[in-house]
There are 2 protein chains.
Amino acid sequence: MTTETPSTTRPGGRSARVRAAVHRAVVDLLTEQPADGLTIPAVAQRAGVHPTTVYRRWGSIAELIAAVASSRFTGDLVVPDTGSLRSDLQQWAAEVATDLNDPDSLAILRAGVGSGPPGTSHNCVADREAQIAAMIERERARGHATPDATATTERLLGPIYYRALFQGGVDPAWAQRLVTELD
Amino acid sequence: MTTETPSTTRPGGRSARVRAAVHRAVVDLLTEQPADGLTIPAVAQRAGVHPTTVYRRWGSIAELIAAVASSRFTGDLVVPDTGSLRSDLQQWAAEVATDLNDPDSLAILRAGVGSGPPGTSHNCVADREAQIAAMIERERARGHATPDATATTERLLGPIYYRALFQGGVDPAWAQRLVTELD
């Protein structure tokens with residue numbers, strides 16, 4: 001979904017610094033003036049880079065937002081390993097909820113949902129879905145019966161994201177209780 | 001959330017025609033070039049009205065999108081009255097799913113989530129939540145035990161909107177099956 005080309009990127013080099021500055025500018029602008037008015041020239045100005053640099057690397061504001069969302073919501077949560085699926089999911093659900101209460105996270109999520117063609121928003125939740133599958137797989141490897149990953153995703157992440165996107169604010173203790181209702 | 005002033009509006013008058021043209025222009029532009037680039041001048045041009053008219057009446061693109069979403073997702077579905085809560089909810093869930101498969105509806109929903117300050121997106125689902133409460137209230141009036149409206153909303157609309165927003169496409173038969181899992 002992104003046009004970033006890591007082949008020409010050295011960690012810590014100019015390319016990485018531009019990327020960090022541009023991603024930071026997107027998040028800052030989103031929290032200051034949600035979606036409305038977010039343009040590549042505005043992002044470039046805030047990041048202190050030339051607009052052409054941003055156009056060349058990301059192509060469009062939708063692709064840039066998708067890249068920021070992918071980056072933000074991938075690898076940011078550690079999958080718990082408590083010894084049981086239920087307590088793994090409880091701990092993890094509380095962390096997902098806590099993250100969505102962060103204004104930066106919510107702003108990026110809302111922008112990721114609102115921009116680009118249908119389908120690009122999946123990068124906001126792809127890592128969350130993979131983590132549910134990983135927790136279930138670990139339970140299976142312990143020799144226990146396991147629930148369906150798709151059903152678990154819908155019944156756990158469905159209510160959590162519904163609250164975050166439409167009602168504002170996700171209580172971590174409530175998110176944990178959703179896990180006990182899965183059985 | 002909207003600055004529309006119905007006090008000066010006559011049905012079928014110029015004000016109503018402008019409103020209809022502007023709302024239509026927003027939907028057309030959203031389905032053609034999602035979110036990215038939606039501006040009041042572009043909407044005004046498509047609607048054939050002066051940008052000042054749009055600024056004066058709606059204030060900002062975020063408020064205009066909120067007004068379009070409110071209008072679109074309010075009063076569009078009829079609450080079924082089949083004689084039992086379960087079959088009411090099943091029929092209604094299938095209709096919600098079918099509506100979200102309409103590209104116009106999905107584009108408006110995504111734009112409603114992506115624009116404006118946190119909280120404005122609730123107008124996309126306020127009528128849906130009121131309808132669930134109404135179906136439960138009717139079951140209560142029949143003298144039957146009733147589930148909690150908030151829990152029913154989260155367990156039914158949570159998975160449906162998660163699929164619509166992040167996975168694209170909501171199977172109406174699957175949405176109906178969610179109702180049988182509520183018990």
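Source: prediction; values computed, not measured.

**Things to note about the side chain of Asp127 of chain A**
Residue and element names in this part refer to chain A.
No. 1: Of note, Asp127 is situated in helix α7 (residues 126-141).
No. 2: One buried charged residue, Asp127, forms no salt bridge at all, with the nearest opposite charge on Arg128 at 4.5 Å.
No. 3: Not counting chain neighbours up to four residues away, the residues in contact with Asp127 comprise Phe73, Thr74, Gly75 and Asp76.

**Examining the nonpolar core**
No. 1: With 110 residues, the main nonpolar core has Ile160, Tyr161 and Phe166 of chain A together with Ile160, Tyr161 and Phe166 of chain B as its most contacted residues.
No. 2: Setting aside residues up to four positions removed in sequence, Phe166 of chain A forms contacts with Leu109, Val113, Ser121, His122, Cys124, Val125, Tyr161 and Leu165 of chain B.

**A few points about the packing of aromatic side chains**
No. 1: In total, this model carries six aromatic pairs over all chains according to the counting rule given.
No. 2: Here the aromatic rings of Tyr162 of chain A and Phe166 of chain A are separated by 5.1 Å at their centres, their planes lie at 50°, and the arrangement is tilted. Note that Tyr162 of chain A and Phe166 of chain A are positioned in helix α8 (residues 149-167) at a spacing of four residues, about one turn of the helix.
No. 3: In textbook terms, an aromatic cluster arises when at least three aromatic residues are bridged by ring pairs, as seen for Tyr161 of chain A together with Tyr162 and Phe166 of chain B.
No. 4: Here the guanidinium or amino end of Arg163 of chain A rests over the ring plane of Trp174 of chain A, the centre of that ring lying 3.9 Å away.

**Things to note about helix α9 (residues 172-180) of chain B**
No. 1: Inspection of α9 of chain B places Trp174, Ala175, Leu178 and Val179 of chain B among the buried residues, and these make up the whole buried set. One side of α9 of chain B holds all its buried residues, which, seen down the axis, span an arc of 160°.
No. 2: Summarising the contacts, the buried residues of α9 of chain B are in contact with α8 of chain A together with α5 (85-100) and α8 (149-167) of chain B.
No. 3: The N-cap of α9 of chain B, judged by a side-chain oxygen 3.2 Å from the amide nitrogen of Ala173 of chain B a few residues on, is Asp171 of chain B.

**Remarks on the pattern of salt bridges**
No. 1: For the structure shown, the criterion picks out 28 salt bridges over all chains.
No. 2: Between Glu139 of chain A and Arg142 of chain A there is a salt bridge; the shortest N-O distance is 2.3 Å.
No. 3: Residue Glu139 of chain A is classed as buried on the basis of its relative accessible area, which comes to 10%.
No. 4: You can call Arg142 of chain A partly exposed: its relative accessible area is 27%.
No. 5: The closest approach of N and O atoms between Arg128 of chain B and Asp76 of chain B, which form a salt bridge, is 3.0 Å. With a gap of 52 residues between them, Arg128 of chain B in helix α7 (residues 126-141) and Asp76 of chain B in the loop between α4 (61-72) and α5 connect regions that are remote in the sequence.
No. 6: Overlapping salt bridges bring together Arg24, Asp28, Glu32, Arg46 and Asp104 of chain A as one network.

**Concerning the interface of chain B and chain A**
No. 1: Contacts between the two partners involve 37 residues from chain B, matched on the other side by 37 residues from chain A.
No. 2: Regarding the contact of chain B and chain A, the summed buried area is about 2,900 Å², with carbon and sulfur atoms giving 58% of it.
No. 3: Summed over the three residues of chain B that lose the most area to chain A, namely Arg110, Tyr162 and Phe166 of chain B, the buried surface amounts to 27% of that side.
No. 4: Counting every contact that joins chain B to chain A gives two salt bridges.
No. 5: With a closest N to O distance of 2.8 Å, Arg163 of chain A and Glu154 of chain B form a salt bridge.
No. 6: Inspection of the region where chain B meets chain A yields 12 residue pairs in polar contact (both at pLDDT 80 or more).

**Things to note about the UniProt feature "DNA-binding region" (unreviewed entry) in chain A**
No. 1: Feature annotation in UniProt places "DNA-binding region" (unreviewed entry) on residues 39-58 of chain A, given in this structure's numbering.
No. 2: The span residues 39-58 of chain A carries 80% helix and 0% strand; its end-to-end C-alpha distance comes to 12 Å.

Reading the values: rules and limits
- All residue numbers refer to position in the chain's written sequence, counted from 1.
- Working convention: letters from A go to chains and numbers from 1 go to ligands, in the order in which they are written.
- In keeping with the model being predicted, local features are shown solely for residues with a pLDDT of at least 70 and side-chain atom pairs are shown and tallied solely at 80 or more, while totals for entire chains, interfaces and linings include all residues.
- Computation of side-chain values covers all heavy atoms of the structure but excludes hydrogens and water.
- Counting from the N terminus, the helices are the DSSP runs of H or I reaching at least four residues and the strands are the DSSP runs of E reaching at least two.
- Using a 1.4 Å probe on the protein chains alone, a residue whose accessible area is under 20% of its type maximum counts as buried, one over 50% counts as exposed, and one in between counts as partly exposed.
- Charged residues are defined here as Lys and Arg on the positive side and Asp and Glu on the negative side; His and the ends of the chain fall outside this count.
- Here, a salt bridge means any side-chain nitrogen of Lys or Arg that lies within 4 Å of a carboxyl oxygen of Asp or Glu.
- In this description, contact between two residues means that some pair of their heavy atoms is separated by no more than 4.5 Å.
- For this analysis, a nonpolar core means a set of buried residues of the types Ala, Val, Leu, Ile, Met, Phe, Trp, Tyr and Cys, connected via side-chain atoms within 4.5 Å.
- Here a pair means two rings of Phe, Tyr or Trp (six-membered ring of Trp) with centres within 6.5 Å. Their orientation is stacked below 30 degrees between planes, edge-to-face above 60, and tilted elsewhere.
- Consider the ring centre and the ring normal. A charge sits over the ring if Lys NZ or Arg CZ is within 6 Å of that centre and within 35 degrees of that normal.
- Arc definition: directions from the helix axis to the C-beta atoms.
- Counted as a polar contact is a pair of N or O atoms within 3.5 Å, where, for protein atoms, one must be capable of donating a hydrogen and the other of accepting one, and residues adjacent in sequence contribute only when both atoms are in side chains.
- Defined here as a combined quantity, buried area equals the accessible surface (1.4 Å probe) lost by two parts on assembly, summed across both.
- UniProt positions are given in the numbering used here, feature names are shortened, and annotations may be inferred rather than shown by experiment.

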